[in-house]
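Here are the chains, one letter per residue:
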Amino acid sequence: MRLLSLLGILLLTAAAWATVPATMQPFNPTIQVNGDLKVDKMRMQNLNVVKKAVEGIRETLPQKVDAYTQMVGVDSNGTELIYTFEVDAGPKSDETLKKDGQTRMTPVIRKGICTDAKRFLQSDITITYRYLNKATRNEILKVTMDKKACDYNTMTQ
């Protein structure tokens, strides 16, 4: 009797498995942002955000940042926002300004970008700050940051 019951259960299980389709649908990767959003669509959205940001910021230029610095330009390259600043450092040479920029300014700029541009960075938009010597028009510092460069899990705000 027990053997018949076991045999019946096995037959029912086999019949149930026979009704399961043999093929499975392939996985379609999407990013969840208020519903499904394909990666290409998100990139197009980011390109539009960058374009609109450039247009809006350009209307406000030049902008004084501090006693020595003013923002004089903004541009884009794909999903990269590129801000250009002029530094009025008087008689200091480009070499001196480059050294000061690397040692003293870069850490401050990096932290500022990670803090002030957090929403852009988290949306895979890259931020670049270019600094030019006002007297020579030569580039003295360039800092580029993306989401990976800002470790939001360990950064102190």
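## Here's the deal with the overall build of the chain
Working step 1: A count of helices and strands for the chain gives 4 helices and 7 strands.
Working step 2: Counting helices and strands in the order they occur from the N terminus, the chain gives α-β-β-α-β-β-β-α-α-β-β.
Working step 3: When burial is assessed residue by residue, the chain has 27% of its 157 residues classed as buried.
Working step 4: Taking the contacts inside the chain whose residues are at least 6 apart along the sequence as the reference set, 51% of them involve residues at least 24 apart.
Working step 5: For the chain, the accessible area works out to roughly 11,500 Å², and carbon and sulfur atoms hold 56% of it.

## A short note on the nonpolar core
Working step 1: With 26 residues, the main nonpolar core has Leu81, Tyr83, Ile109, Ile113, Ile127, Tyr129 and Tyr131 as its most contacted residues.
Working step 2: Listed by contribution, the elements that provide at least two residues to this core are α2 (39-58), β4 (69-77), β5 (80-87), α3 (94-116), β6 (126-133) and β7 (139-145).
Working step 3: Setting aside residues no more than four positions away along its own chain, Ile113 makes contact with Lys118, Leu121, Ile127, Tyr129, Val143 and Met145.

## Focus: α3
Working step 1: Here α3 contains 23 residues, and its C-alpha end-to-end distance of 28 Å is more than 12% below the 33 Å for a straight helix at 1.5 Å per residue.
Working step 2: Remark: the principal bend of α3, roughly 55 degrees, maps to Met105, with a proline, Pro107, within the next four residues.
Working step 3: Lining the buried residues of α3 we find α4 (118-122), β6 and β7.

## As for the sheet that holds strand β3 (residues 63-64)
Working step 1: With respect to topology, 5 strands assemble into an open sheet ordered β3-β4-β5-β6-β7, the strand pairing being mixed. With partners counted over all chains shown, the strands left at the sheet margins are β3 and β7, one partner each.
Working step 2: Examined bridge by bridge, β3 and β4 share 2 bridges and lie antiparallel to one another. Among the inter-strand pairings, Gln63 is bridged to a residue of β4, identified as Met71.
Working step 3: Packed on one face of the sheet, α3 meets β6 and β7 and runs near 25 degrees to β7.

## As for the confidence of the model for the chain
Working step 1: Scored by pLDDT, the chain comes out at a mean of 78, with 71% of its residues at no less than 70.
Working step 2: In this model, residues 1-32 is a region of pLDDT below 50 whose contacts with residues beyond four sequence positions or in other chains number 8 contacts.

## Structural notes on the environment of Gly78
Working step 1: Assignment of secondary structure puts Gly78 in the loop between β4 and β5.
Working step 2: A relative accessible area of 33% places Gly78 in the partly exposed class.
Working step 3: Residues Gly78 and Val50, 28 residues apart in the sequence, show an inter-C-alpha distance of 7.9 Å.
Working step 4: Leaving out residues up to four positions away in the same chain, Gly78 has contacts with Leu47 and Val50.

## A short note on the side chain of Thr69
Working step 1: Here Thr69 is to be found in strand β4.
Working step 2: Here Thr69 is in contact with Lys64, Phe85, Glu86, Val87 and Tyr131, once residues within four sequence places are set aside.

## Focus on the pattern of salt bridges
Working step 1: Summed over the entire model, instances satisfying the criterion amount to 5 salt bridges.
Working step 2: Between Arg137 and Glu86 there is a salt bridge, and its shortest N-O distance comes to 2.1 Å. Taken together, the residues span a long stretch of sequence, with Arg137 in the loop between β6 and β7 and Glu86 in strand β5 at a distance of 51 residues.
Working step 3: Notably, a salt bridge pairs Arg130 with Glu139, separated by 2.7 Å at the nearest N-O pair.

Thresholds, definitions, all that
Residues numbered from 1 in each chain as written. Predicted model: local features only at pLDDT ≥ 70, side-chain atom pairs only at ≥ 80, totals over all residues. Heavy atoms only, no water. Helix = DSSP H or I, 4+ residues; strand = E, 2+ residues; numbered from the N terminus. Buried < 20%, exposed > 50% of the residue type's maximum accessible area, 1.4 Å probe, protein only. Contact = heavy atoms within 4.5 Å. Areas by Shrake-Rupley, 256 points an atom, 1.4 Å probe, with all protein chains shown as cover. Core = buried A, V, L, I, M, F, W, Y, C linked by side-chain atoms within 4.5 Å. Expected span 1.5 Å × (residues − 1). Bend = angle between axes of the 7 residues up to and from the residue. Pairing = 2+ DSSP bridges. Axes fitted to C-alpha atoms, helices over the stretch in contact; angles between N-to-C directions. pLDDT = per-residue confidence, 0-100. Salt bridge = Lys/Arg side-chain N within 4 Å of Asp/Glu carboxyl O.

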